[in-house]
Structures are given as structure tokens and as C-alpha cells.
Amino acid sequence: MGLLSDPVRRRALARLVLRLNAPLCVLSYVAGIAWFLALAFPPLTQRTYMSENAMGSTMVEEQFVGGDRARSFARDFAAYRRKSGALPVAWLERTMRSVGLEVYTQSFSRKLPFPDETHERYMVSGTNVYGILRAPRAASTESLVFTVPCGSDSTNSQAVGLLLALAAHFRGQIYWAKDIIFLVTEHDLLGTEAWLEAYHDVNVTGMQSSPLQGWAGAIQAAVALELSSDVVTSLDVAVEGLNGQLPNLDLLNLFQTFCQKGGLLCTLQGKLQPQDWTSLDGPLQGLQTLLLMVLQQASGRPHGPHGLFLRYRVEALTLRGINSFRQYKYDLVAVGKALEGMFRKLNHLLERLHQSFFLYLLPALSRFVSIGLYMPAAGFLLLVLGLKALELWMQLHEAGVGLEAGGGPGPSAPLPPAQGVGLASLVAPLLVSQAMGLALYILPVLGQHVATQHFPVGEAEAVVLTLLAIYVAGLALPHNTHRVVSTQAPDRGWMALKLVALIYLALQLGCIALTNFSLGFLLAATMVPAAALTEPHGPRPLYAALLVLTGPAATLLGSLFLWRELQEAPLSIAEGWQLFLAALAQGVLEHYTYGALLFPLLALGLYPCWLLFWNVLFWK
């Protein structure tokens, strides 16, 4: 306390902080990036292990041998679907009843805010079919879900056939202590969301659906299956859910354990597991998988039906059968045995999965990085914002404090001690920037019909073009706001505005990193350097280019190129731009359809904050 209360010592501390601020910021940023890249290397990456005692052993004897029956069901399902042009509801009801299930249907409809050109749909209506296998050894207080999504572009007939064959097999067993719900949904995730909302008696997305007639117990876990053929070379697992949620790590460990027991090849992000972690090749391959997971999680999209279950505190995975050119192939019996083993172990649960991690990163299926090891990477990046904010605060409040020679950017003369900062100089940039963010969030969808009446574009194109127009219009803000701000103490004005912007950005990125580390880290890695360097003095064109290249839109565009590069399918400039426009439309659509938060977060939070730094750069 004596150091801060003594004016002489406080002034000496201020000089020390100002002199070392620039090198400390550089060191902190480099440390954050280096820490993140080191996450794929031991000892930061650890071996996975089973924490739940009830699932700690795979000593169950899988007895499923219904491969031929599954293929027969799949052929019949595909034939009836081709004949009807939609989900064969009557055939599914009849078949599920024949294997001994309680069968129910649910109809639903949803008018999208604008046409979904990716799936070619606007007015959506469909029917979900589900059958319940009642547990003979319990009172229907808990349940498990096995779901298969059926979209308009993919029938997923093999997965439906395997679901029905497993239902018939499970019906003959007497050891089930939980109800098992076999769910076939129409229109992919829309059908899944409609069923989940009706099952939990909520309506969070405006879905119109009929009430459910049949109920089971509280859902403990769910598995979604997608198969493209009768044989697979590997099973790929998707873990990223809505808004970056992840299932309990024990569920993923359970999947990997039964794949190893049955000799199935399992992959993550389409990548094989590295075999040797002692050499450099293993961690480098793990780093590619880690980066793919970070990009997928940062998008906030549900990468499979399981992503919607996570919102309701139901641990879930999506398994995708891949049929590639690999030598070893597995039939439906091998896949069915792995699923049977998983459901039998989940049947042993005495409580919800909770003992393992919910926040983690995966460089491989057999390796994970816990939250305590990856959060320092984001902490180092946010420290840069704290150091710059501390520097500005000291410059604003310490009279006679100047920068020593070579100490870094900023005014070289001491600031007048008696001159205050007028709040009026901050109100206009803050209000106008926030108003632009509100316009970016509301106007694209609200004004799509007006745009289509005056321009030769469709509704989806109108939404995307309005987004880009408002985003670019924000660049003109300095020419409007500087005319109404106070012209007294211009240096103190921009410094105070930058101080507010730094604190605002640090708070946002910190909160994002706690709930979705991948999104918080990506935004911090791109936005922090520009936020720290921006000021109205120095090479203004260079700072302006840096701000544009690190803004939210440029970050999204760069992430798309990096994602395709890591998938070994690089994009051309034209392809990247088209994918960028499609990603904008999908981001807005998923917010209104499923409740994804990435679009409002960028529009109402980070975009206005980015505009504040743009105002600082062109402060007059």
C-alpha cells in the first residue's frame, strides 16, 4: 500500500510499467501462441482414462448377429422411401411394432426465417417416428436414446436398418434397467430439435409440433448413427455440439474402448490416431486434429444430432460410418456389436455421467487436454489487453509521466495534470458503434423482403448482402462521430476511448473463453494485436489494414481457408468467397433455427467493440 500511496514511488512504478509495457506485451502474446501449439505435445496432452466405475470394464459379451436382417430392413426402407418420396412413416410404424416396440409418431412444421439454399428448404414439415423398449427390470425412470437422422439429400437407410435390427435384438434381452428409445427423425436436425423440445415440454426455437403421446424416463445418454453403405472402413466420431458444448469425456472413452475391442478403426475429425507420441510426427499430426477440433467448436454449430441433445444435459455422440479406400472393411455386424456394447455399459449407470471432463480438447481419441492446461494460452493473450489498459490508465492519471526514449508508442510529452477527460467525447462513439451492431443483428432478416422488392436477388442473398453492407458501412463511423465529440484534450479523448474498448474486449473474450475456449482463443489471437497497436499516431494506413484483416469477418474467412487446408482440400479464392457467403447465411439461419449464439455474439458484442478501435484510429 505504501508503494501506491507514495507519489514518488507511484511515479517510479508508472515509469517502469511504461518502459517495459511493449516488450511484456510481445512476450505475453508469443507465450500464448506457443502455449497453444504445445498442447499437442506431451506432457500437456495426457492419456484418456475411464472415470466412471460403472463403465470401467468391457467385460460384456456382445451377441448381435443380425447383419443380414439389418441389410434387409435397409433395402425395404430405401424402397419405400423412393416410392413415397418422404419418410415411410407407416412402414416404420409397422416394422417397429413387429419387433416389439411401443410406437408413436410426432408431426412438426417450421417456417425458416429465409430459404435455406444449402438444403433447399423454406417451409418444412415432417414426421418423427420413435419406438420405446420398456425396461423389464426398472420402472421407466431413466432412458437411453438411439437416433438416426434422415435428411432430404441422404436416406441413411443402412443406419435405419441397423437401428431396427438392434431393436429386435435388444427386445429379446432381459437385463435392461433403462428404457431405450429408437428414434428416426425427418429433415435431419430440425426433426431432432422438434422431438427434443416436445419431450422436454419446452419451445425455444418457435418450432410447431404435436405433443408426444409416449414418454420414457429421463434421458441419460444418446447415440446418433449415420451410415453411407453396408460396409465401413472406419467410424468417425463427432463431439462438437451447439455453441461449443462437449459431451462428458467418459462417453467418448467408452466408444473408443469398444472400437478397440472389436477391432474397428475409429477416427476423430477424419484423422487416424498417431501411433508414436515420442517422435515429432505424432504430436504434429495431433496438432492438426487439435486445430480441426478448435475450428469446429468455434463455429458453434451442432455437428450432428448429438449437438442438440447436449443443450438438455444429455450426453451424446454422433457416429459416422466412412467407406473409403482403406484395405480393411467391416460389416454391419461389427458396428452393431460396438453399439450393443456401448448401450449395455450405459445401462449400468447409476447416475448421470459426471466424473470425467466436460471441458477439454482432443489431439487424438486416446489423448486429451484438460481445461487447466489449455486456459493459460488464452490467459496470456488477454494479459496483453490488461497491460495496454494499465499503460493508458497510468498515462491518464499520472501527471508529468512521459515515455522515456525508445519506450514505445504514445505521446512523448507529459500530459497536463489538470485537464480532465470529457465523457461527451466517449458517448457518441459508444452509442453509434452499439447502434451499428444492433442494426447488423436486426436489419438483415427484417429487411429481406424490402431488398428483394428493389433488387434482383433472393431472400437468402438479400440477407447476406445486407450483412456485408452494414458491416462495411461501419467503416464510415469516424467521419460521423468525430464531428460531435469534444475537441478539448484530443489525446486524452482517444486514450480514454481505447481504455474503455480494451476493457470491453477483454471482458468479452474472457467470458467467451470460459464457455467456448476455441472461439475465445481464435478471436483473441486475431484481434489482440490490432487492439494493442491501434492509435491515431504513427502509420495509420498500416494500422487500418491490420484492423480490417483481424476483424470478425476476416477471421471467419481465414478460418474457412485454414479448415479446408487442414482437411487437405484447399480452396481457391473464388471457392473460399462462396463458402464464406454460405457460412454467413448458415450462421444467421442456425441462430434463428437452433439458437446458435455465434451470430448475436459477433453482431452485438465484438463488432461494436471492433468499431471502437476503428474510431480510435481515426480520432481527430
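The name an unreviewed UniProt entry assigns to the chain is GPI-anchor transamidase component GPAA1, from the organism Prolemur simus. As its UniProt record puts it under Subcellular location (unreviewed entry), the chain is described as follows: "Endoplasmic reticulum membrane". We quote the UniProt Pathway (unreviewed entry) comment for the chain here in full: "Glycolipid biosynthesis; glycosylphosphatidylinositol-anchor biosynthesis."

Examined bridge by bridge, strand E2 (residues 102-116) and strand E3 (residues 121-133) share 11 bridges and lie antiparallel to one another. The residue bridging Thr105 from the neighbouring strand is Val129, located in E3. Linking E2 back to E3 in an antiparallel pair, the connection comprises 4 residues, with Glu120 at a positive phi of about 55°.

This part is about the sheet that holds strand E12 (residues 367-370). Within a beta sheet, neighbouring strands are joined by backbone hydrogen bonds and run either parallel or antiparallel to one another. In space, the 3 strands of this open sheet follow the order E1-E12-E11, with antiparallel pairing throughout. Two strands close off the open sheet at either side, each with one partner strand: strand E1 (46-47) and strand E11 (360-364). With 3 bridges joining them, E11 and E12 adopt antiparallel strand pairing. In the sheet register, Leu361 faces E12, and the bridge partner there is Val369. The sheet contacts of helix H11 (residues 371-397) involve E1, E11 and E12, and relative to E12 the element is tilted by about 60°.

Attention shifts here to the packing of aromatic side chains. As enumerated under the stated definition, the model contains 25 aromatic pairs in all. Members of the aromatic cluster, connected to one another through ring pairs, are Phe146, Phe170, Tyr175, Trp176, Phe182 and Phe343. The cationic tip of Arg344 hangs over the ring face of Tyr175; the distance from NZ or CZ to the ring centre is 4.3 Å.

Turning our attention to a nonpolar patch on the surface. Taken together, the side chains of Leu438, Ile442, Leu443, Leu446 and Leu604 define a hydrophobic patch exposed on the protein surface, amounting to about 430 Å² of accessible area. No other element matches the 4 residues that helix H12 (residues 424-446) contributes to the nonpolar patch. Along the polypeptide, Ile442 turns up in helix H12. Using a relative accessible area of 36% as the deciding quantity, one classes Ile442 as partly exposed.

Before going further, it helps to spend a moment on empty space enclosed by the protein. Using the criterion set out here, one finds 4 cavities of 30 Å³ or more in the structure. In this structure, the second largest cavity encloses a volume near 60 Å³. For the second largest cavity, the full set of lining residues is Leu246, Gln297, Leu359, Tyr360, Leu361, Tyr374, Ala513, Leu514, Thr515, Asn516 and Phe517. Those elements that provide at least two residues to the lining of the second largest cavity are E11 and helix H16 (490-515). If one sorts the elements of the lining of the second largest cavity by residue count, H16 sits on top with 3 residues. In the lining of the second largest cavity, the residues fall into 8 nonpolar, 3 polar and no charged.

Turning our attention to the layout of surface pockets. Summary: where empty space remains is shown by rolling a probe the size of a single water molecule over the atoms. When its volume is computed, the second largest pocket comes out at roughly 300 Å³. Every residue lining the second largest pocket is counted, 16 residues in all, and those nearest its centre are Glu117, Val464, Leu581, Ala582 and Ala585. Secondary structure elements with two or more residues in the lining of the second largest pocket: E2, helix H14 (459-473) and helix H20 (573-594). At 6 residues, H20 tops the list of elements feeding residues into the lining of the second largest pocket. Of the residues contributing to the lining of the second largest pocket, the split by class is 10 nonpolar, 3 polar and 3 charged.

Once that is clear, we can look at the UniProt feature "transmembrane region" (unreviewed entry) in the chain. The UniProt feature table records "transmembrane region" (unreviewed entry) at residues 20-41, 357-385, 421-442, 462-478, 499-522, 542-563 and 595-618. Helix makes up 91% of residues 542-563 and strand makes up 0%, while its end C-alpha atoms are separated by 27 Å. Within residues 595-618, the helical portion is 83% and the strand portion 0%, while the C-alpha atoms at the span's ends are 36 Å from each other.

With that settled, the discussion passes to the packing of helix H3 (residues 67-84) against helix H4 (residues 89-98). Running from N to C, H3 and H4 cross one another at 155°; their axes reach a closest spacing of 9 Å. Overall, the two elements H3 and H4 adopt an arrangement that is roughly antiparallel. Handedness of the H3/H4 crossing: right-handed. On H4, the residues that touch Phe73, Asp76, Phe77 and Tyr80 of H3 are Trp91, Leu92, Arg94 and Thr95. Residues that form the contact of H3 with H4 fall into these classes: 5 nonpolar, 1 polar and 2 charged.

Here we come to the pairing of E3. When a strand is regular, its side chains alternate between the sheet's two faces. Relative to strand E5 (residues 179-186), E3 runs antiparallel, the two sharing 5 bridges. For Tyr130, the partnering residue across the bridge sits in E5 and is Leu183.

Turning our eyes to something else, we now look at the sheet that holds E3. The strand order E6-E2-E3-E5-E4-E7-E10-E8-E9 describes an open sheet built from 9 strands, whose pairing is mixed. Unpaired on one side and paired on the other, strand E6 (208-209) and strand E9 (266-268) mark the two borders of the sheet. In terms of strand pairing, strand E4 (residues 142-150) meets E5 through 8 bridges, oriented parallel. Of the residues in E5, the one forming a bridge with Leu144 is Ile180. Packed on one face of the sheet, helix H6 (residues 189-199) meets E2, E3, E4, E5, E6 and strand E7 (218-226) and runs near 135° to E5.

For the structure on display, the rule yields 13 salt bridges. Taking the shortest distance from any N to any O, the salt bridge between Arg320 and Glu226 comes out at 2.9 Å. Placement of Arg320 in strand E10 (residues 315-322) and of Glu226 in strand E7 is noted, with a sequence separation of 94 residues between them. The residue Lys271 makes a salt bridge to Glu568 at a minimum N-O spacing of 3.8 Å.

For the pair H14 and H20, interaxial distance at closest approach is 9 Å and the crossing angle is 100°. With respect to each other, H14 and H20 are oriented roughly perpendicular. Counting all contacts with H14, which are made through Val463, Val464, Leu467 and Leu468, the residues of H20 involved are Trp577, Phe580, Leu581, Leu584, Ala585 and Val588.

What counts as what
- Residues numbered from 1 in each chain as written.
- Predicted model: local features only at pLDDT ≥ 70, side-chain atom pairs only at ≥ 80, totals over all residues.
- Heavy atoms only, no water.
- UniProt positions renumbered as here; feature names shortened; annotations may be inferred.
- Pairing = 2+ DSSP bridges.
- Helix = DSSP H or I, 4+ residues; strand = E, 2+ residues; numbered from the N terminus.
- Contact = heavy atoms within 4.5 Å.
- Axes fitted to C-alpha atoms, helices over the stretch in contact; angles between N-to-C directions.
- Phe/Tyr/Trp six-rings, centres within 6.5 Å; stacked < 30°, edge-to-face > 60°.
- Lys NZ or Arg CZ within 6 Å of the ring centre and 35° of its normal.
- Patch = residues over 30% accessible without salt bridge, like charges linked within 9 Å, V, L, I, M, F, W, Y side chains within 5 Å.
- Areas by Shrake-Rupley, 256 points an atom, 1.4 Å probe, with all protein chains shown as cover.
- Salt bridge = Lys/Arg side-chain N within 4 Å of Asp/Glu carboxyl O.
- Buried < 20%, exposed > 50% of the residue type's maximum accessible area, 1.4 Å probe, protein only.
- 1 Å grid on protein atoms, 1.4 Å probe; cavity = no way out; pocket = protein on both sides within 12 Å on 5 of 7 lines; lining within 4 Å.
- Points joined across faces, edges and corners; volume = space filled by probe spheres on them.
- Nonpolar A, V, L, I, M, F, W, Y, C, P; charged D, E, K, R; others polar.
- Parallel < 35°, antiparallel > 145°, perpendicular 65-115°, else oblique.
- Left-handed = near helix turned anticlockwise from the far one by under 90°.

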